[in-house]
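Report on the structure
Residue-level listing of the chains:
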Amino acid sequence: MRFDLNELERAHGIVGTAVPATPAYAWPLLAERLGTEVVVKHENHTPTGAFKVRGGLVYLERLKRERPDVPGIISATRGNHGQSLAFAASRHGVRAVIYVPRGNSVEKNRAMHAFGAELVEHGEDFQAAREEAERRAQFAGLHMVPSFHPDLVLGVATYALEMFRSAPDLDILYVPIGQGSGISGCIMARDLLGLKTEIVGVQSTEAPSYALSFAAGRIVTTATSNTLADGMATRIPDADAFALIRKGASRIVQVTDDEVAQAIRAYWTDTHNLAEGAGAAALAAALQEKSKLAGKRVGLILSGGNIDFDLFRTWIGTDAAPAAQRAVA
């Protein structure tokens, strides 16, 4: 999987028709918390609340250009990928059928439906939903959109292009890993721009398939992916993504759900930004490695803010009031 800087620039233009460049802010309270300078890329500020929308726009642009009569698309998701496809498909007048596992985020389901997707619940996790979507695609004549594809990576790499052009002197960039498109896009954009930024992946301790694969030097799957940070709930790594990550990332840090909760609270109290679990994972990893970061300029990808209110209340509620009281005092 390869693309050049001209292709990335063209993709940025496609994305820009619907998604203005998202901000990259240096928050002073986060800098105090980490003990070093930190820049946050706010992909929670896109029209779908997450970075995935970029990939959907680029994927659908090519699909519609090359197959103008495509009857519809089908895919599987825990939320952000599905919102991306529904948003992009609606702009092109294409039907979108999205499979989700049972018990999926109610609010992400509502958002996908609002963007025009036809939702189908199937299976107990993402992998089961994806396998059923692939079966349905074969007999329904719908175009199956995978979770990892060169056009998806090209699209999401546009946020990395923005980030690196606004902050080309980052020493280290922490990126959450779900299916791998985000970190792959960061690696490829960094290399195309000739930068030396160290890229560190982040996974959940409850869904560490990429971390285990990185350590073993081969694909390792897990039997479960029970993290509350659903954007990182991956049991089976994509082989192409793993190859890119193994070559271009320095390491993968594992964070617990408790560490993610602490990072969500930190984003809320220090920046008044809402982060979903995967969106807060980069900050969780940086906080875990705080002792290593002194004197470095750190980048964090806040990949999305689509968190259910009940989960936000569970993770935030016990500490929110005391934190606010301390701030007033």
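That block above? That's the structure.
Since we're looking at a predicted model, the values are computed, not measured.

**As for the overall build of the protein**
Summing up its helical and strand segments, the protein has 13 helices and 10 strands in all. For a compact globule of 329 residues, the expected C-alpha radius of gyration is about 20 Å, and the protein comes in at 19 Å, within 12% of that figure. Here the C-alpha coordinates of the protein stretch approximately 60 × 45 × 40 Å along the principal axes. Of all 329 residues assigned to the protein, the portion counted as buried reaches 58%. Contacts in the protein between residues far apart in sequence, at least 24 positions, make up 75% of those at least 6 positions apart. As displayed, the protein offers around 13,300 Å² of accessible surface, 50% of which is attributable to carbon and sulfur atoms.

**A short note on the packing of aromatic side chains**
Inspection of the entire model under this criterion finds four aromatic pairs. Taking 5.6 Å as the distance between ring centres and 90 degrees as the angle between the ring planes, the aromatic pair formed by Tyr25 and Trp27 counts as edge-to-face. Owing to a relative accessible area of 39%, Tyr25 belongs among the partly exposed residues under this scheme. Ring centres of Phe51 and Tyr159 lie 5.8 Å apart, and the angle between their planes is 85 degrees; this geometry places the pair in the edge-to-face category. Of the two residues, Phe51 sits in the loop between β2 (38-42) and α3 (53-66) while Tyr159 sits in helix α7 (residues 150-166), which places them 108 residues apart along the sequence. Assigned by exposure class, Phe51 and Tyr159 land together as buried.

**A few points about unusual backbone geometry**
The backbone of His272 sits at a positive phi, close to 60 degrees, despite the residue not being glycine. The topology assignment puts His272 in the loop between α11 (257-271) and α12 (277-288). We classify His272 as exposed; its relative accessible area is 63%.

**Notes on the pairing of strand β3 (residues 72-76)**
On a regular strand, one side chain projects to one face of the sheet and the next to the other, so that they alternate. Most of β3 sits out of view: five of its five residues are buried. The two faces of β3 match: Gly72, Ile74 and Ala76 on one face and Ile73 and Ser75 on the other face are all buried. Inspection of the sheet shows β3 paired to strand β4 (residues 95-100) by five bridges, in the parallel sense. Bridge assignment links Ala76 to a residue of β4, and that residue is Tyr99. Viewed along the sheet, the connection from β3 through helix α4 (residues 80-92) into β4 turns out right-handed. Both β3 and strand β6 (residues 143-144) contribute to a ladder of two bridges, which runs parallel. Across the sheet, the residue bridging to Ile74 is Met144, located in β6.

**Points about the sheet that holds strand β7 (residues 172-176)**
Strand order across the open sheet formed by six strands is β1-β2-β10-β7-β8-β9, with mixed pairing between neighbours. At either margin of the open sheet sits one strand with a lone partner, and together these are β1 (24-25) and β9 (251-255). Looking at chain direction, strand β8 (residues 198-204) and β9 are connected through five bridges and run parallel. By the bridge assignment, Gln203 is partnered in β9 with Gln254. Sitting on the sheet, helix α8 (residues 181-193) touches β7 and β8, and the angle it makes with β8 is about 180 degrees.

Each value, and the rule that gives it
Residues numbered from 1 in each chain as written. Predicted model: local features only at pLDDT ≥ 70, side-chain atom pairs only at ≥ 80, totals over all residues. Heavy atoms only, no water. Helix = DSSP H or I, 4+ residues; strand = E, 2+ residues; numbered from the N terminus. Rg over C-alpha atoms; globule rule 2.2 N^0.38 Å. Buried < 20%, exposed > 50% of the residue type's maximum accessible area, 1.4 Å probe, protein only. Contact = heavy atoms within 4.5 Å. Areas by Shrake-Rupley, 256 points an atom, 1.4 Å probe, with all protein chains shown as cover. Phe/Tyr/Trp six-rings, centres within 6.5 Å; stacked < 30°, edge-to-face > 60°. Pairing = 2+ DSSP bridges. Right-handed = clockwise from strand over helix to strand, strands pointing away. Axes fitted to C-alpha atoms, helices over the stretch in contact; angles between N-to-C directions.

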